[in-house]
Amino acid sequence: MVNYIKLLDKINLQKYIYLIDVFLCNEITVSCFLEYFLQTRREDNYWLTSSFDDEVNSIMDSIFLDIDEYNPEELYDPNDGFNISEEELRIRLDNKVSLLKKFKYLF
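Residues numbered from 1 in each chain as written. Predicted model: local features only at pLDDT ≥ 70, side-chain atom pairs only at ≥ 80, totals over all residues. Heavy atoms only, no water.

**Quick look at helix α2 (residues 30-42)**
Definition in use: For helices the rule is a DSSP run of H or I covering at least 4 residues; for strands it is a run of E covering at least 2, with both sets numbered from the N terminus onward. Expected helix span is given by 1.5 Å per residue-to-residue step, counting one fewer step than there are residues. The buried label applies to any residue whose accessible area, calculated with a 1.4 Å probe on protein chains only, is under 20% of its type's maximum; exposed applies above 50%, and partly exposed to all values in between. By definition, the arc is the one covered by directions from the helix axis to the C-beta atoms.
Relative to the 18 Å expected for 13 residues at 1.5 Å per residue, α2 spans 18 Å between its end C-alpha atoms, a close match to the ideal helical length. Every buried residue belonging to α2 is among V30, F33, L34, F37 and R41, and all of these are buried. Taken down its axis, α2 places every buried residue within 95° of arc, on the same side.

**Points about the packing of aromatic side chains**
Note the threshold: Aromatic rings from Phe, Tyr and Trp, with only the six-membered ring used for Trp, were paired whenever their centres fell within 6.5 Å, and each pair was classed as stacked if the ring planes differed by under 30 degrees, edge-to-face if by over 60, and tilted otherwise. In this analysis the charged atom, NZ for Lys or CZ for Arg, is taken to sit over a ring once it is within 6 Å of the ring centre and within 35 degrees of the ring normal.
Enumeration over the complete set of coordinates arrives at seven aromatic pairs. Each ring, one from Y46 and one from F52, has its centre 5.0 Å from the other, and the planes form 85°; the classification is edge-to-face. Look at Y46 and you get buried, because its relative accessible area is 13%. Aromatic rings pair up to connect Y16, F23, F33, F37, W47 and F64 into one cluster. The lysine or arginine in question, R41, covers the ring of W47, its NZ or CZ lying 4.5 Å from the ring centre. Between R41 and the ring centre of F64, over which it is positioned, the NZ or CZ distance is 4.0 Å.

**Things to note about the environment of R41**
Rule in force here: Residue contacts are defined here by distance: any two heavy atoms, one from each residue, within 4.5 Å place the two residues in contact.
Along the chain, R41 turns up in helix α2. For R41, a relative accessible area of 18% puts it in the buried group. Sequence separation between R41 and Y16 is 25 residues; the distance between their C-alpha atoms is 9.0 Å. For R41, the residues in contact, after removing those within four places along its chain, are Y16, W47, L48, D61 and F64.

As structure tokens, then:
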């Protein structure tokens, strides 16, 4: 793990950390979370140009993949290893946002 991250990484992480926290606290539904997250990512040139440090970029890409694997309850198939439930999405996001928060507070 690195001892520091770029100031721009910290600034650009804030919106994602906030959005994930709002979702994990049940202030927005999973469908709202997905809509906001994907819209934010589509418009985020910082992330899309791979400007994050490698470790941060790896976590962010992993979050994106988790979101891609999520399926709503009516489409979720527990026998399909390539999709996850909302419960599993929450667990994964909680773990990853904890890592991002550690990065955010490094100097």
